[in-house]
Amino acid sequence: MTNPQPPSSHQLAADVAAAEDSAIAAVARAGSAAELDRIQSEVIGKRSALARLNTALGALDPEGRRSAGASINAARSRVGGQIEQRRSMLAVTERRARIEAERLDLTETIALASTTGGGVPLPGGPVTRGRLNLVTQTRDELEDTFVALGFAVAEGPEAETDWYNFEALNMPPAHPARGMWDTLYLKLGKPETVLLRTHTSPVQVRLMERQKPPIYAVMPGRCYRRDTPDARHLPVFHQIEGLVVDRDITFADLAGTIEAFTTSFFGPGIHSRLRPSYFPFTEPSGEFEVTCPICAGVGCRTCSGSGWIELGGCGMVDPNVFAAVGIDPDVHSGFAFGFGIDRLAQVRAGLSDMRTLLDNDIRFITQF
Amino acid sequence: MRAPLSWLRDYAPFDADAERLATAFSGLGLVVDGIELVGDDLTGVEVVRILDIRPHPDADRIRLVDVDRGDGQPLQIACGATNMAVGDLVPLATLGTVLPGGMEIARRKMRGEWSNGMLCAPGELGLPEVDGVDGLLVLAPDIAPIGTSLAEALDLRSDVVFDLDITPNRPDALCIAGIARDLAAALHLPFSYPWLSGPAVDGSVPQPTVSVEDPDLCPRFTGTVLTGVEVGPSPPWLARRLTLAGMRPINNVVDVSNYVMLDLGQPTHAYDFEQLSGGGIVVRRAAEGEAVITLDGVTRALAADDCVICDAKSVPVGIAGVMGGAGSETSETTTTVLLEAAYFAPMAIARTGTRLKLNSEARHRFERGIDPEVAGRAIERFVTLLRDAGSPSLRRGSTVDERCEDQVPTPPTVVLRTERVNRLLGTSLGDDVIAALLDSIGFTTHSVGDGVHSVAIPPWRPDSSREVDVIEEVARLHGYHRIQPTMPAGVRTAAGLTGYQRQRRQVREILAGAGLSEAWTTTFLAPGDLERAGLSPHAVEIENPLDRSESILRTSLLPGLLKALRFNVDRQEPEVRLFEIGRVFEPPAGDGVVPEEIETLAAITCGGDADGRLAARIWAVLADALRLEGVAVVAESLAGLHPGRSARIVGPDGPLGVLGEVDPDVSAAYGVPGRVAWLSVDLPHLIGLPRRSLQARPVSRYPASDIDLAFVVPDTSPAAAVSATITTTAGELLESLRLFDAYRGMGGARRSLAFRLRLRSPERTLTDTELAAVREAVIEAVGAYHGGELRR
């Protein structure tokens, strides 16, 4: 473009216009920020056409130089504006493209991570989290509920003597009430002296033998009865009992404790009620029912339409039991209650057949 | 105990609906197991007269019968029975009737002849069969006008039957009168016994001799001779009541005996007086070796504590309170009976019944304790009923009542303090309220001062003898639901889980976190299970298992968990990781009588990467999470485990468990494919182990230097031993030691163990000289103690 001849003002004006048009067209063609940087130096840099036209100004008269200089600057500034506009447009496009390229299907990640058992493996290893058994979860939750009500948790042997399972509980040998529990006896000692406990009540006896009142405790544990298994009964099952012995404990305290447990464990809207029953180790004795937690008392299949679920037995500790463990019934009184942990788990989980619990089917265990 | 409402109404005017009555029963502690609505089942069955009987033209065994329904029009019915005659009244199930068995009556053609209904046999109507009669129910000629509904003709009105679950403490509620007494009290209705007008005592009827030799077994025995007895079917209303109450009618003598038992709770027995040698009864202890043939035809061997009823010549004719004998049973030809109404000692009856495994309604009542004073009323009821039930010329002799006052229980009188009632129940009941509640069920109260009553317990409540028992009656009749709940006010000192219980939960969480799910297997094993698992068969046995496959107490969790694996493998779940915490039982040591119980933790896995190493990893996770200190894993060949892949876990005070791989023969015997990892630990021992202290150690701000050393070590040197040597030798500067590779490619009974030692000082940057010294010392020690050579 160098012209050996001194340029005329007209010629220069035409060159500036051409250089500007070409620069603007180049800017518009820039496909990326990097390309735009390169074009920028080409069209308005020190070696650009416009810069070279600037050096040609010297040949013009002062008037012509001033006006040509002004038109070159104006052209540069317009090209510069075009470049900035183009730059911001390219930035938006590039960000859009990067985001699109980085897109991940996170649901795919979750799907890849999940196994049939429901466990999610941690990165770097095939290890999946296992599950606590439904029975354990129920037991822990029951323990926690009673602990929050101020109870301790006591345990004892599963194989017991006749004394702890029956006699100390106000059931001398041949007492007709023994028929309420079908007992499995062990081939140990004299016939029918060593047995598998039919309830966790022996733990109550042991606790009262070794600890003076006040006693506030629950006794969870495994029990045994010579019952043919069916949808609602297992010969090996789990039970939780409670025992309170203190001064001035009343039947109203029993009712209140059961109500407090019921609402605390099942949630608000679930209540309890007592009706008379019989156990040799309590007097007065009762059964307690709770609002059906499945239908909230409306009536459903679980509660046979009654709106209530029979949960367990309870009553005021019989003075004969106190006598057997050396507690003075004139000074102390107390209450006891008990119910099945598996049965409760069954009701809450809507489990149709209790025998499923003993299969240890991994597809079942990992549901909870 | 089934209680028909119509029967209860003999005692009080119950007019509430069934639901209201059921609520009242429940509030009394008489649990309603079921409510049955009966009597609507005979709708559509009518009394008709037979007008004509003629043969069926095309069938030998069917006859055509014309009946009159009251409109004089003959209606043709086809019938297979032969026991009826023209003029008889019989029941007709009319078209559209659904019989109790579910059969629906429709107009049908039988071999070309129409049948417009069905003439019914008693069984088809749900009525008692008449002994010796096969065919239709032929009704008494004057029973009702033709066309009357059968239910009305037989006085079988619709009824409600409550099936009540009577708790063992309430023998008084094992009869209609007792149930009605409670129910009347709850509903504030008057209770009264119906008026009886039995035949007066006839002096010409003989008196039996009654001799009770052992009054401790039989405190009271009454005998009454009845003549003019005609054995035959019971009237329909009586048979119906028994049927509703769940007993099968047999003949009037047996039925009346059952009726009186259900009505008043007094079991009675009628002996054929002619069959009793010597015209009397002896009640005594059985002699060892003596036997009697009971009503069911079985010869029963007696024991010395059994109470037997004998004839006057002391020959046993029945087992007291349990079952009568075959020889003295009443029969169709019996005309004179000796009626027994006795009170037997409950414990004696329970003992004999349990030993002979003989259950009867009588035993059920006697062993719980009947009312010792009800015999008189029962005899009166029996005599009246039997006369009205087909023995119109019945005569009764005077009752011989052998009663030993020392042995007949005397109902106690109890002092009841109002303050005590309210203190135990948490109520504020007044003296008069308490008295009224008790009086309503026959507990007679006398005020003996302010706030004190003397309460006479009625003889039908043997369960009640103490103040607390009477308080229960107050609570029951007041209504449990009316006692306002409160919370115990006492201070609790020992709430919460014990350390053991908290740590047991922690162990569960650690194992679940390591990917194992919790199982619980049954405590029972089958014979052979332990041997199959390679374990000692020495275990506690169950005396009376429900099934032989559940007759052994587990001494290990292995068999049960192997069965659980097998269960899952069979259901296309080949990768299973389980753990269990449960008790195992060792036979008692020394002169102990109860088994030793050990709460045991076990983990088992199959499929995937399961093998002995996985068991070791699980243990490592557990030991690390529990911050165990000073616990070693020592290779050892162990029962049930792969001999080359098993180890014992040993703590500072001895072994506490095992880990490794289940012996392939054992897993194969249990049908589990592939390798099975196994870990078993005595849980209390584990939880009692010493832990690394929670004392904080300062974290050094100086750089660490790692030294990698690979040693070729003979297989006889366990990695744990080499690690221990390195740890000891490297001393205080060793921050951590990690085995990062084990390589066996160089052949021979040796392998390469590559360790990374991280050295760091809390005070300064270590110098090359210091690092070189540690390196040399470690190489030398491993060489000296384990024959290890540095791998170049």
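Residues numbered from 1 in each chain as written. Chains lettered and ligands numbered in written order. Predicted model: local features only at pLDDT ≥ 70, side-chain atom pairs only at ≥ 80, totals over all residues. Heavy atoms only, no water.

### Points about the overall build of chain B
Next up, step 1: Helices and strands together make up the secondary structure of chain B, namely 20 helices and 38 strands.
Next up, step 2: In summary, chain B has a C-alpha radius of gyration of 41 Å against a globular reference of 28 Å for 792 residues, an excess of more than 25%.
Next up, step 3: Counting all 792 residues of chain B, 53% fall into the buried class.
Next up, step 4: In chain B, the proportion of contacts linking residues at least 24 apart, taken out of those at least 6 apart, comes to 69%.
Next up, step 5: Total accessible area computed for chain B in this model is approximately 34700 Å², and 51% of it derives from carbon and sulfur atoms.
Next up, step 6: Side chains of chain B give 76 positive and 107 negative charges; the mean places of these two sets differ by 8 Å. (Helix = DSSP H or I, 4+ residues; strand = E, 2+ residues; numbered from the N terminus. Rg over C-alpha atoms; globule rule 2.2 N^0.38 Å. Buried < 20%, exposed > 50% of the residue type's maximum accessible area, 1.4 Å probe, protein only. Contact = heavy atoms within 4.5 Å. Areas by Shrake-Rupley, 256 points an atom, 1.4 Å probe, with all protein chains shown as cover. Lys, Arg positive; Asp, Glu negative; His and termini not counted. Charge placed at Lys NZ, Arg CZ, Asp CG, Glu CD.)

### Examining the sheet that holds strand 2 (residues 31-38) of chain B
All names here are of chain B.
Next up, step 1: Strand order in this open sheet of 3 strands is 1-10-2, and the pairing throughout is antiparallel. Because the sheet does not close on itself, it has two edges, and the strands there are strand 1 (2-4) and strand 2. Each neighbouring strand pair of the sheet contributes to a mean axis angle of 25°, computed without reference to strand direction.
Next up, step 2: Pairing between strand 2 and strand 10 (residues 159-165): 7 bridges, direction antiparallel. The partner of V31 across the bridge, within strand 10, is D165.
Next up, step 3: Docked against the sheet, helix 2 (residues 18-28) engages strand 2 and strand 10, running at close to 20° with respect to strand 10. (Pairing = 2+ DSSP bridges. Axes fitted to C-alpha atoms, helices over the stretch in contact; angles between N-to-C directions.)

### Here's the deal with the pattern of salt bridges
Next up, step 1: Per the stated rule, a full pass over the model turns up 79 salt bridges over all chains.
Next up, step 2: One salt bridge in this structure joins R363 of chain A and D361 of chain A, with 2.6 Å as the shortest N-O distance.
Next up, step 3: Between R396 of chain B and E380 of chain B there is a salt bridge; the shortest N-O distance is 3.0 Å. Here R396 of chain B is found in strand 21 (residues 395-396), whereas its partner E380 of chain B is found in helix 9 (residues 375-388), with 16 residues between them in sequence.
Next up, step 4: Here the salt bridges do not stand alone but share partners, grouping R139, D140, E143, D144 and E155 of chain A together with R504, R505 and E599 of chain B into one network. (Salt bridge = Lys/Arg side-chain N within 4 Å of Asp/Glu carboxyl O.)

### Remarks on helix 9 (residues 251-266) of chain A
Residues and elements named next belong to chain A.
Next up, step 1: With 16 residues, helix 9 extends 22 Å from end C-alpha to end C-alpha; this agrees with the ideal 22 Å at 1.5 Å per step.
Next up, step 2: The buried count for helix 9 comes to 14 of 16 residues, which makes it a mostly enclosed element.
Next up, step 3: Directly after helix 9, the chain includes G267, whose backbone phi takes a positive value near 105°. (Expected span 1.5 Å × (residues − 1).)

### Overview of the interface of chain B and chain A
Next up, step 1: The partner chain A presents 89 residues to the 83 residues of chain B that form the contact.
Next up, step 2: Summed over both sides, the interface between chain B and chain A buries roughly 7300 Å², with carbon and sulfur atoms accounting for 57% of that surface.
Next up, step 3: Of all residues in chain B, Y480, W520 and L546 of chain B bury the most surface against chain A, accounting for 12% of the area lost on that side.
Next up, step 4: Summed over the shared surface of chain B and chain A, the number is 10 salt bridges.
Next up, step 5: We note a salt bridge from E155 of chain A to R504 of chain B, for which the minimum N-O separation is 2.8 Å.
Next up, step 6: Per-class residue counts for the side of chain B that touches chain A are 39 nonpolar, 21 polar and 23 charged. (Buried area = accessible area lost by both parts, 1.4 Å probe. Nonpolar A, V, L, I, M, F, W, Y, C, P; charged D, E, K, R; others polar.)

### Quick notes on the nonpolar core
Next up, step 1: By size, the foremost hydrophobic cluster in this structure holds 138 residues, and its most contacted members are F337 and F339 of chain A together with L8 and F162 of chain B.
Next up, step 2: For this core, the leading source of residues is helix 9 of chain A, giving 9 residues.
Next up, step 3: Aside from chain neighbours lying at most four places away, what touches F337 of chain A is F146, V218, I240, E241, G242, L254, I258, F288, G313 and C314 of chain A.
Next up, step 4: Within the second largest apolar cluster, 38 residues are counted, among which are V282, V283, V317 and V400 of chain B. (Core = buried A, V, L, I, M, F, W, Y, C linked by side-chain atoms within 4.5 Å.)

### Regarding the domain arrangement of chain A
Next up, step 1: The assigned domain composition of chain A is domain 1 (9-102) and domain 2 (134-365).
Next up, step 2: Taking only C-alpha atoms, the centre of domain 1 of chain A and the centre of domain 2 of chain A are 91 Å apart. (Domains from an automatic or database assignment.)

### Focus: the side chain of S333 of chain A
Next up, step 1: Relative to the helices and strands, S333 of chain A resides in strand 9 (residues 333-340).
Next up, step 2: With a relative accessible area of 11%, S333 of chain A lands in the buried category.
Next up, step 3: A distance of 2.7 Å separates the side chain of S333 of chain A from the backbone oxygen of I249 of chain A, its partner in a polar contact.
Next up, step 4: Those residues within four positions of S333 of chain A in sequence are excluded, and the remaining contacts are V244, V245, D246, D248, I249 and F322 of chain A together with L424 of chain B. (Polar contact = N/O pair within 3.5 Å; in protein donor to acceptor, adjacent residues only side chain to side chain.)

### Looking at the sheet that holds strand 9 (residues 118-119) of chain B
Next up, step 1: Ordered by their spatial adjacency, 5 strands build an open sheet running 5-4-3-6-9 (chain B), and the pairing between neighbours is antiparallel. Strand pairing shows two members of the sheet lacking a second neighbour, strand 5 (74-79) and strand 9 of chain B, which therefore form its edges.

### Things to note about the pairing of strand 24 (residues 444-447) of chain B
All names here are of chain B.
Next up, step 1: Pairing of strand 24 with strand 25 (residues 452-456) involves 4 bridges; the strand directions are antiparallel. Pairing of T444 across the sheet is with A456, part of strand 25.
Next up, step 2: The turn joining strand 24 and strand 25, which pair antiparallel and follow one another in sequence, is formed by 4 residues; a positive phi near 140° is taken by G449.

### Focus: the packing of aromatic side chains
Next up, step 1: Here the structure, examined in full by the defined rule, presents 22 aromatic pairs over all chains.
Next up, step 2: Grouping aromatic residues by their ring pairs yields a cluster made of F146, F151, Y216, F261, F265, F266, F288, F335, F337 and F339 of chain A.
Next up, step 3: The ring centre of Y670 of chain B lies 4.0 Å from the NZ or CZ of R532 of chain B, which sits over that ring. (Phe/Tyr/Trp six-rings, centres within 6.5 Å; stacked < 30°, edge-to-face > 60°. Lys NZ or Arg CZ within 6 Å of the ring centre and 35° of its normal.)

### Concerning the confidence of the model for chain A
Next up, step 1: For chain A, the average pLDDT comes to 88, and 91% of its residues sit at 70 or higher.
Next up, step 2: Predicted confidence for residues 113-126 of chain A stays below pLDDT 50, and this span has 16 contacts to residues more than four positions away or in other chains. (pLDDT = per-residue confidence, 0-100.)

### Considering the packing of helix 6 (residues 134-148) of chain A against helix 11 (residues 341-349) of chain A
The angle between the axes and the distance between the axes are what describe a pair of packed helices.
All names here are of chain A.
Next up, step 1: Axis separation between helix 6 and helix 11 bottoms out at 9 Å; the angle between their running directions is 105°. Classified by the interaxial angle, the pair formed by helix 6 and helix 11 is roughly perpendicular. Two secondary-structure elements touch here, helix 6 through L134, V135, T138, R139, E141 and L142 and helix 11 through I341, D342, L344, A345, R348 and A349.
Next up, step 2: Of the residues in the contact of helix 6 with helix 11, the class split is 7 nonpolar, 1 polar and 4 charged. (Parallel < 35°, antiparallel > 145°, perpendicular 65-115°, else oblique.)

### Re helix 19 (residues 719-730) of chain B
Residues and elements named next belong to chain B.
Next up, step 1: Between its first and last C-alpha, helix 19 extends 16 Å over 12 residues, near the 16 Å set by a 1.5 Å rise per residue.
Next up, step 2: Within the span of helix 19, buried status applies to V722, T725, I726 and A730. Burial along helix 19 is one-sided: seen end-on, the buried residues are contained in an arc of 115°. Those residues of helix 19 that are exposed and aimed more than 90 degrees away from the buried face are A720 and T728.
Next up, step 3: Residues of helix 19 that are buried in the fold lie against strand 35 (705-714), strand 36 (734-743), strand 37 (750-759) and helix 20 (768-786). (Arc of directions from axis to C-beta.)

### Details of unusual backbone geometry
Next up, step 1: Geometrically, the link from P213 of chain A to P214 of chain A is a cis peptide bond, its omega value of 5° lying close to zero.
Next up, step 2: Mapped onto the secondary structure, P214 of chain A falls in the loop between helix 8 (201-210) and strand 4 (215-224).
Next up, step 3: Looking along the chain, the bond that leaves E283 of chain A and enters P284 of chain A is cis, with omega of -5°.
Next up, step 4: Looking at the secondary structure, you find P284 of chain A in strand 7 (residues 282-291).
Next up, step 5: The phi dihedral of S304 of chain A is positive, around 50°, even though this residue is not glycine.
Next up, step 6: Along the chain, S304 of chain A falls in the loop between strand 7 and strand 8 (308-317).
Next up, step 7: The phi dihedral of Q572 of chain B is positive, around 60°, even though this residue is not glycine.
Next up, step 8: Among the structural elements, Q572 of chain B can be located in the loop between helix 15 (558-569) and strand 29 (576-586).

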